[in-house]
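Residues per chain are reported as follows:
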Amino acid sequence: MSDAIAVILFVGVIAYALFGGADFGAGFWDLTGGGAARGSRSRHLIDLTVGPVWEANHTWLIYCLVVLWSGFPAAFAAITTTLYIPLGLAALGIVLRGAGFAFRKESMRTPEQRVYGVFFALSSVVTPYCFGSLAGAIASGRVPTGGKGDPLGSWLNPTSVLGGVLAVLVCSYLAAVFLTAAARQTGSPALEAWFSRRALLAGAATGLVGLAGIFVLQADSPRLFHELSHRGLPLLIISALSGLATLFLLKTGRTGVLRMSAALAVAAVVCGWGVAQYPYLLGTHLSISAAASPTPTLWVLVGVAGAAVLLIVPSLAFLYVLHNRGRLGARE
């Protein structure tokens, strides 16, 4: 039962990495889009693409938090009492990002738009970096079972820095791919080419950092490196092949299955981390079974997850369908 709840939790992690990650990545391209005049068209497409769905995507973050503190309270306490600095920064980034995005769209003057745009763009980079550093801290075993670990060293270390940088790059890659497909749908060949080039660059940068990360993990997190290179290796191969397929599709201008191949590349590498981490929840000192709540609580969580599948997933799917058909964008 504890393993089943861990899978339920990790499904939420993958969903947030895909949907929330694409939104955060859009903020990165907003930040690097150029001045007010040069970047106006790309920022307008970002507004149209992100606007209808950016709040809904945080549903997965709430889902993960509820499952974690209900299903594995010991791990939740250990994480929050050790990694409260990056958690606080991530929460602040989510708030500032939402406020900046909302107020920028309503502002009439360019100076105000720039100020709110800075909040939106910078927080879109800081937040995924903090989440990536959290993953690195957990995977490298720097969160003690009893909590109250080193508040700085736990997330300011080679593995956490690698996780943070990869999170920013992966989000940027996802967003560029999704925005390339969105530009094709809106009939904007110039924007399609602009985002396609950036998707190629982001994909190449992610691959290079991932290769360099092999040596980082080998030196700083040998157990994680060993499991990734053995049990997690098939998933990493799937991720690499999907990433290469996405780059090929971008290069040839084929956008039919572009989003699916990019999503598979990201989902596979996140799954690889989960497989490498198993059967531990924190490093190699707190197992999933030891951290789990009593069985009746876990059964309640199964019911909650079932309700989410029946209610939330169809609602989000309907939202994305309306968005892709342009019915929401027309109202923006």
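So, here's what we can say about the structure. Bear in mind that the values here come from a model prediction, so they are computed numbers and not experimental data.

## Comments concerning the overall build of the protein
Thought 1: On a plain count of helices and strands, the protein comes out with 13 helices and two strands.
Thought 2: Over its C-alpha trace the protein gives a radius of gyration of 20 Å, about what one expects of a compact globule, namely 20 Å for 332 residues.
Thought 3: Reported as C-alpha extents along the three principal axes, the dimensions of the protein are approximately 55 × 40 × 35 Å.
Thought 4: Sorting the 332 residues of the protein into buried and exposed places 48% on the buried side.
Thought 5: Put simply, of all contacts in the protein between residues at least 6 apart along the chain, 80% involve residues at least 24 apart.
Thought 6: Seen as two clouds, the 21 positive and the 12 negative side-chain charges of the protein have centres 8 Å apart.

## Topic: unusual backbone geometry
Thought 1: Cis geometry is adopted by the peptide bond preceding Pro279, which originates at Tyr278 and carries an omega value of 5 degrees.
Thought 2: Its location among the elements puts Pro279 in the loop between helix H11 (258-277) and strand E1 (280-282).
Thought 3: The backbone of Lys148 shows a phi angle near 55 degrees, a positive value even though the residue is not glycine.
Thought 4: By the element assignment, Lys148 lies in the loop between helix H6 (110-139) and helix H7 (158-185).
Thought 5: What makes Lys148 exposed here is its relative accessible area of 71%.

## Digging into the packing of helix H1 (residues 2-31) against helix H5 (residues 84-106)
Thought 1: One way to put it is that H1 packs onto H5 with a least axis distance of 13 Å and a crossing angle of 60 degrees. In this view, H1 runs oblique relative to H5, as classed from their interaxial angle. Handedness of the H1/H5 crossing: left-handed. Residues Tyr16, Asp23, Phe24 and Asp30 of H1 lie in contact with H5, whose contacting residues are Ile94, Arg97 and Arg104.
Thought 2: Grouping the constituent residues of the contact of H1 with H5 by class yields three nonpolar, no polar and four charged.

## A short note on the side chain of Ser196
Thought 1: Tracing the backbone shows Ser196 in helix H8 (residues 189-220).
Thought 2: Take Ser196: its relative accessible area is 11%, and that puts it in the buried class.
Thought 3: Those residues in contact with Ser196 that lie beyond four places of it in its chain are Thr180 and Leu250.

## A short note on a nonpolar patch on the surface
Thought 1: Together, Val309, Leu310, Leu311, Ile312 and Val313 make up an exposed nonpolar region whose accessible area comes to about 470 Å².
Thought 2: Secondary-structure assignment places Leu311 in helix H13 (residues 295-324).

## A look at H8
Thought 1: Taking 1.5 Å of rise per residue, the 32 residues of H8 would be expected to cover 46 Å, and the 45 Å separating its terminal C-alpha atoms lies within 8% of that figure.
Thought 2: Remark: the principal bend of H8, roughly 25 degrees, maps to Gly213.
Thought 3: Taken residue by residue, H8 has Leu191, Glu192, Trp194, Phe195, Ser196, Arg198, Ala199, Ala202, Gly203, Thr206, Gly213 and Leu217 as its buried positions.
Thought 4: Its buried side turned inward, H8 meets H1, helix H2 (40-50), H7, helix H9 (222-228) and helix H10 (233-252).

## Concerning the packing of aromatic side chains
Thought 1: A complete count under the given rule lists nine aromatic pairs for this structure.
Thought 2: Relative to Tyr63, the ring of Trp60 has its centre 5.8 Å away and its plane inclined at 75 degrees; by these criteria the two rings are edge-to-face. Here the residue Trp60 and the residue Tyr63 both occupy positions in helix H3 (residues 59-71), the gap between them amounting to three residues, near one helical turn. Here the two residues Trp60 and Tyr63 agree in accessibility, since each one is buried.
Thought 3: Of the aromatic side chains, those joined through ring pairs into one cluster are Tyr16, Phe24 and Phe131.
Thought 4: The residue whose ring lies beneath Arg198 is Trp194, and the NZ or CZ to ring-centre distance is 3.6 Å.

## Some remarks on the pattern of salt bridges
Thought 1: By the definition in use, this model includes four salt bridges.
Thought 2: A salt bridge links Asp30 to Arg43; the shortest N-O distance between them is 3.5 Å. With Asp30 in helix H1 and Arg43 in helix H2, the pair connects residues that are 13 residues apart, well separated along the chain. Across this residue pair, the class does not change: Asp30 and Arg43 are buried.

## As for the packing of H10 against H11
Thought 1: The interhelical angle for the contact between H10 and H11, taken along N-to-C directions, is 160 degrees, at an axis separation of 8 Å. In terms of orientation, H10 and H11 fall into the roughly antiparallel class. Here H10 and H11 pass one another in a crossing that is left-handed. Where H10 approaches H11, its residues Leu235, Leu236, Ile238, Ser239, Ser242, Gly243, Thr246, Leu249 and Leu250 are matched on the opposing element by Leu258, Ser261, Ala262, Leu264, Ala265, Ala268, Val269, Cys271, Gly272 and Val275.
Thought 2: Each residue belonging to the contact of H10 with H11 can be placed in one class, and the counts come to 13 nonpolar, six polar and no charged.

Calculation rules
Residues numbered from 1 in each chain as written. Predicted model: local features only at pLDDT ≥ 70, side-chain atom pairs only at ≥ 80, totals over all residues. Heavy atoms only, no water. Helix = DSSP H or I, 4+ residues; strand = E, 2+ residues; numbered from the N terminus. Rg over C-alpha atoms; globule rule 2.2 N^0.38 Å. Buried < 20%, exposed > 50% of the residue type's maximum accessible area, 1.4 Å probe, protein only. Contact = heavy atoms within 4.5 Å. Lys, Arg positive; Asp, Glu negative; His and termini not counted. Charge placed at Lys NZ, Arg CZ, Asp CG, Glu CD. Axes fitted to C-alpha atoms, helices over the stretch in contact; angles between N-to-C directions. Parallel < 35°, antiparallel > 145°, perpendicular 65-115°, else oblique. Left-handed = near helix turned anticlockwise from the far one by under 90°. Nonpolar A, V, L, I, M, F, W, Y, C, P; charged D, E, K, R; others polar. Patch = residues over 30% accessible without salt bridge, like charges linked within 9 Å, V, L, I, M, F, W, Y side chains within 5 Å. Areas by Shrake-Rupley, 256 points an atom, 1.4 Å probe, with all protein chains shown as cover. Salt bridge = Lys/Arg side-chain N within 4 Å of Asp/Glu carboxyl O. Expected span 1.5 Å × (residues − 1). Bend = angle between axes of the 7 residues up to and from the residue. Phe/Tyr/Trp six-rings, centres within 6.5 Å; stacked < 30°, edge-to-face > 60°. Lys NZ or Arg CZ within 6 Å of the ring centre and 35° of its normal.

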